[in-house]
Amino acid sequence: INAEYGDDLVNKLKRTTDRYARTAKQSWSQERVKFEKIKRERTGYSQQRSSALGLLDRFPTISEFNGYFDRGLWWLPTGGDLMRRAPDKVKPYLRLSRVDKPIGSWLLFLPGAWSITMAASHFSIPHVPLLAAFGVGAIMMRGAGCTVNDIWDIDIDKRVARTRDRPLANNTLSKQDAINWLIIQLACSSIILLSLNKPTIAVGIASLGLVAVYPKMKLLTDYPQVVLGFTFNMGAIMGYSAYTGNILAVTPLALYTAGICWTMVYDTVYAHQDKLDDIKVGVRSTALRFGDQTKPILSRFVNGFGWSLFIAGVAAGMGPTYYLATFVSSCMLMRGLQLVDLDRPHSCWEFFVMNKNIGLLIWLGAIIGNFL
């Protein structure tokens, strides 16, 4: 090259090569800086996540947590106790209303109990007659909702292992029997509702539409749990309204939001029990929609649950025990998601039952927090 083209070309080639070398070196340095930054961020996230998981490991397992409450509430009659004492002719109707599994009535009652308690004046106990009315109303409306669900789903229930022994699916009761029983339950619920103030009556009547359409949502959308959340947590608004006459205050709306997030968590895990049968019969759910991402997605709903409860507490001026109960409850939900095996129905059921105890813990924290 030197002989044929001279020194000028050689020098030009050297300058060009040096320029490309410098550019490559600068580019490598920039990429190295980016890589180190990403590495530091990921390491920090991993350390935070490990720290969070280490904190959760200090909490009891699902079985241990449920066991604490079972021992503390030994005096409460169970669904099995009620079924054993009931006359034989009544038992199919009680099973239709899921009296043998009272967990649903608890989950319907508790948001209303939180709301009534947080609406009470400081240094006072919750309004006991109102709590009693909401308790009976929760049992009646939960029974009515289950009856409507079984009337709509009678053909589907016959094809799902967990539900084929329900009174309508196994022909213990006729559809007309179920309709008559539904009328009785709605009549009892109406008597309770009409004893409340006008804003609460209006909310209660509006919620009946959601009760009626929810069973069909399982065939129309992948998100029936969202509709259930809107339906099941109306008590958060109604309880506060029944005590104060105010529907649009921050406290009941924040509790309602917390309840919807909570329902998304426990009912999605509950739906994992039936996912194989649901695929066969065409039932849709967030369990199928979220799939392998169920736990990460539900952990975000747990965050929403905790923050919404915090906002409700600040708005109501709650004491420290309420916030402690909220923190422990949120951590137990995270712990439960960490431990639950979504492919084992018994594990999903155990997680589902745990939510009654989580709700009771929050309620207890709110009651004590009214005095601090």
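Report follows, based on the coordinates.

What counts as what
- Residues numbered from 1 in each chain as written.
- Predicted model: local features only at pLDDT ≥ 70, side-chain atom pairs only at ≥ 80, totals over all residues.
- Heavy atoms only, no water.
- Axes fitted to C-alpha atoms, helices over the stretch in contact; angles between N-to-C directions.
- Helix = DSSP H or I, 4+ residues; strand = E, 2+ residues; numbered from the N terminus.
- Parallel < 35°, antiparallel > 145°, perpendicular 65-115°, else oblique.
- Left-handed = near helix turned anticlockwise from the far one by under 90°.
- Contact = heavy atoms within 4.5 Å.
- Nonpolar A, V, L, I, M, F, W, Y, C, P; charged D, E, K, R; others polar.
- Polar contact = N/O pair within 3.5 Å; in protein donor to acceptor, adjacent residues only side chain to side chain.

1. Focus on the packing of helix α7 (residues 128–152) against helix α9 (residues 175–194)
Thought 1: Running from amino to carboxyl end, α7 crosses α9 at an angle of 155 degrees, the nearest separation of the two axes being 9 Å. For the element pair α7 / α9, the angle class is roughly antiparallel. Considering how the two elements wind past one another, α7 and α9 form a crossing that is left-handed. Only Lys175, Ala178, Ile179, Trp181, Leu182, Gln185, Leu186, Cys188, Ser189 and Ile192 of α9 make contact with α7, whose side of the interface consists of Ala133, Val136, Gly137, Met140, Met141, Gly143, Ala144, Thr147, Val148 and Ile151.
Thought 2: Residues belonging to the contact of α7 with α9 are distributed by class as follows: 14 nonpolar, 5 polar and 1 charged.

2. Looking at the packing of helix α6 (residues 103–119) against helix α12 (residues 234–244)
Thought 1: Orientation of α6 relative to α12, taken along the N-to-C sense of each, is 30 degrees, at an axis distance of 7 Å. Between α6 and α12 the crossing geometry is right-handed. Packed against α6, whose contacting residues are Pro111, Gly112, Ser115, Ile116, Met118 and Ala119, the element α12 presents Gly235, Ala236, Gly239, Tyr240, Tyr243 and Thr244 at the interface.
Thought 2: Of the residues that constitute the contact of α6 with α12, the class distribution is 7 nonpolar, 5 polar and no charged.

3. Some remarks on the side chain of His272
Thought 1: Position of His272 among the secondary structure elements: in the loop between α13 (250–271) and α14 (275–281).
Thought 2: Of the polar contacts made by the side chain of His272, one reaches the side chain of Thr294; its length is 3.1 Å.

4. Observations concerning the side chain of Asn233
Thought 1: With respect to the helices and strands, Asn233 occurs in the loop between α11 (224–232) and α12.
Thought 2: A polar contact is formed between the side chain of Asn233 and the side chain of Thr263, at a distance of 2.9 Å.
Thought 3: When sequence neighbours within four positions are dropped, the list of residues in contact with Asn233 reads Pro111, Tyr256, Gly259, Ile260 and Thr263.

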